[in-house]
Amino acid sequence: MESELKDMNSNPPSSSSSSSSKEERPLLKSESDVSAAIEELDKKFAPFARTDSYGTMGLGPFPTAEKVKLAAAMVTLVPVRFVLAMSILLLYYLVCRVFTLFSAPYRGGEEEEEEEEEEGGGGVVQEDYAHMGGWRRVVIVRCGRFLSRVLLFVFGFYWIPESSLDRVDSDLKTTSSEIAENGETEKEEPERPGVIVSNHVSYLDILYHMSASFPSFVAKRSVGKLPLVGLISKCLGCVFVQREAKSPDFKGVSGTVNERVREAHRNKSAPTIMLFPEGTTTNGDYLLQFKTGAFLAGTPVLPVILKYPYERFSVAWDTISGARHIIFLLCQFVNHLEVIRLPVYYPSQEEKDNPKLYASNVRRLMATKGNLILSDLGLGDKRIYHATLNGLFCKS
């Protein structure tokens, strides 16, 4: 393609036909070449490719009937849903504001954070109201769970079927035998999971988990400073990460998350932490390689699988802008979400000693039970895919 561009530059068209040639001749030979290139990319980067009716990057082409549906929804559903969603967000912000009045936020490793800020570094900031006890914390959590579910209802998730598996196959994991190896009996109270792990498909995953268990998440440091959302994230107990910072102390993110996982495992009143071990989103049909952060502590984990069946628009947040995704989401009258809850996974001693093995075994179990395809791709491959797609659409 570079040689074609050089030829075009060395032999410029005459002034009389320059305007018409620019319109008629794209940088690639034809639209069919662009389509073929996109098809090849979709095969190579299948976990991130959109396969719904709205096409790659949500740019169509759209049939006439679909255009009519979108136009009708834009003047009916979208305004109503937008107003309701903002009202719910504002209402919960007010709940959080009122019930955190006169309460100082919990600050983990405050002295270390101040030193890091003075040095211009700092990878993790801990400031939350999730460690606040008493009836005010109960109100914040219950209101958060209820309003999160209401918000999902507003977005078209009218019913969310959930299935729980009481046991797993012996060839994948025999939970009772692992408990026995640790010297426990079935009559004793089982260990509390230190972390919830889930596949990652969309930002909607966070809303569901908020409605189900109201856990803490790992978020960018800037999220804690956003209007409305900042206070809500602190009430969730989010671990705020400054990813661009380079601190000589490796403890950073993994160390803070590790401490939170151990705390949740030991203390029933401590906030549960929720992690997406893939580190990025997929189209919902695949499961990427797991990072080991959720498994370093060697505590039991609770795997949860989210699936978003669709007919027209997939809510998977891949190769599509945030604004376009939200508009199409609000335009779709009914959206679907199915949840599969696996039993708590108790690691063997070998898995505790080897976090990579632990992560791999949990990943294999989730893929089998969720009918997901294992993929060796990761965030770096996704960035290459997005950059190549943007280049193709700019040149076509």
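Residues numbered from 1 in each chain as written. Predicted model: local features only at pLDDT ≥ 70, side-chain atom pairs only at ≥ 80, totals over all residues. Heavy atoms only, no water.

Heads up, the condition is: UniProt positions are given in the numbering used here, feature names are shortened, and annotations may be inferred rather than shown by experiment.
The protein chain has the name Lysophospholipid acyltransferase LPEAT1 isoform X2 in an unreviewed UniProt entry, where Raphanus sativus is given as its organism. The Subcellular location (unreviewed entry) comment attached to the protein chain in UniProt states, word for word, "Membrane". What UniProt records for the protein chain under Sequence similarities (unreviewed entry) is the sentence "Belongs to the 1-acyl-sn-glycerol-3-phosphate acyltransferase family."

**Remarks on unusual backbone geometry**
Just so we agree on the cut-off: Numbered from the N terminus, helices here are DSSP runs of H or I no shorter than four residues, and strands are runs of E no shorter than two.
The backbone of F214 sits at a positive phi, close to 50°, despite the residue not being glycine. Among the secondary structure elements, F214 is positioned in the loop between α9 (204-212) and β6 (218-220). In this structure, N371 takes a positive phi of about 55° despite not being glycine. Counting through the fold element by element, N371 comes out in the loop between α14 (355-369) and β12 (373-374).

**Some points on the nonpolar core**
Our working definition: Among buried residues, those of type Ala, Val, Leu, Ile, Met, Phe, Trp, Tyr and Cys that are joined through side-chain atoms within 4.5 Å constitute a nonpolar core. Relative accessible area decides the class of each residue, using a 1.4 Å probe on protein chains only: under 20% of the type maximum gives buried, over 50% gives exposed, and in between gives partly exposed. The contact criterion used throughout is that any non-hydrogen atoms of two residues lie within 4.5 Å.
Formed by 56 residues in total, the largest nonpolar core has its most connected members in Y92, F155, F157, L204, Y208, Y308 and L337. When residues of this core are traced back to their parent elements, those giving at least two are α4 (64-75), α5 (77-99), α7 (135-154), α9, α10 (229-236), β10 (301-307) and α12 (322-331). If one sorts the elements of this core by residue count, α5 sits on top with nine residues. When neighbours within four sequence positions are excluded, L337 is seen to be in contact with F157, W159, I160, P161, Y208, L306, K307, Y308 and P309. The next biggest cluster of nonpolar side chains, apart from the first, holds 24 residues, and it includes I305, L365, A367 and L372.

**Observations concerning the pattern of salt bridges**
Inclusion rule: By definition here, a salt bridge exists when the distance from a side-chain nitrogen of Lys or Arg to a carboxyl oxygen of Asp or Glu is within 4 Å.
Applying the stated criterion to the full structure yields five salt bridges. K43 is the salt-bridge partner of E39, the closest N and O atoms lying 4.0 Å from each other. Of the two residues, E39 and K43 are both situated in helix α3 (residues 31-44); the distance of four residues between them amounts to about one turn of the helix. K43 gets classed as exposed once you look at its relative accessible area, which sits at 56%. Where R50 meets D52, a salt bridge forms, and the shortest distance between an N and an O atom there is 2.8 Å. Across this residue pair, the class does not change: R50 and D52 are buried.

**Quick notes on the side chain of N258**
Short version of the rule: Definition of a polar contact: a pair of N or O atoms within 3.5 Å, with one able to donate and the other able to accept a hydrogen when the atoms are protein atoms, and with sequence-neighbouring residues admitted only if both atoms are side-chain atoms.
Turning to its location among the elements, N258 is positioned in helix α11 (residues 252-266). A relative accessible area of 18% places N258 in the buried class. From its side chain, N258 meets the backbone nitrogen of A297 in a polar contact 3.3 Å long. Residues in contact with N258, not counting those within four places in the same chain, are L296 and A297.

**A look at the packing of aromatic side chains**
Stated precisely, the cut-off is as follows: Stacked, tilted and edge-to-face are the three classes assigned to paired rings of Phe, Tyr and Trp, where Trp is represented by its six-membered ring and a pair needs centres within 6.5 Å; plane angles under 30 degrees give stacked, over 60 edge-to-face, the rest tilted.
For the coordinates displayed, the defined rule picks out 16 aromatic pairs. When the centroid spacing of 6.3 Å and the interplanar angle of 15° are considered together, the rings of F290 and F295 count as stacked. Both residues of the pair, F290 and F295, belong to the buried class. What links up through ring pairs into an aromatic cluster is the set Y54, F62, F313 and F328.

**Some points on the sheet that holds strand β11 (residues 338-341)**
Here is the rule we go by: We treat two strands as partners when DSSP finds at least two bridges between them. Note on method: axes are straight lines fitted to C-alpha atoms, helices fitted across the in-contact stretch only, with angles between N-to-C directions ranging 0 to 180 degrees.
Strands sit in the order β4-β11-β10-β5-β8 across an open sheet of five strands; the sheet is mixed. The open sheet has two edge strands, β4 (162-164) and β8 (273-275), and neither has a second partner. Adjacent strand axes in the sheet meet at a mean angle of 20°, parallel and antiparallel pairs treated alike. In the sheet, β4 pairs with β11 via three bridges, with the strands oriented parallel. Bridge pairing in β11 links S163 to I340. α9 contacts β4, β5 (195-198), β8, β10 and β11 of the sheet and is inclined by roughly 130° relative to β10. Across the face of the sheet, α14 comes into contact with β5, β10 and β11 while running at roughly 40° to β10.

**Describing the packing of α5 against α10**
Formally: Note that the term roughly parallel is reserved for angles under 35 degrees, roughly antiparallel for angles over 145, roughly perpendicular for angles of 65 to 115, and oblique for everything else. By the definition used in this description, the sense in which the near helix is turned from the far one sets the handedness, with an anticlockwise turn below a right angle giving left-handed and a clockwise turn giving right-handed.
In the contact formed by α5 and α10, the axes pass within 9 Å of each other and the chain directions differ by 60°. In terms of orientation, α5 and α10 fall into the oblique class. You can see that α5 and α10 cross each other, and the crossing is left-handed. Facing α5, whose interface residues are L89, Y92, Y93, C96 and R97, α10 presents L231, I232 and C235.

**Brief notes about α4**
Stated formally: For a helix, the expected span equals 1.5 Å multiplied by the residue count minus one.
Over its twelve residues, α4 extends 17 Å from the first C-alpha to the last, a length consistent with the 16 Å expected when each residue adds 1.5 Å. Structurally, α4 contributes buried residues whose contacts are with α5 and α12.

**Details of the pairing of β11**
Within a regular strand, side chains alternate between the sheet's two faces. Note: β10 against β11, four bridges, orientation antiparallel. Counterpart to L306 in the pairing with β11 is V339.

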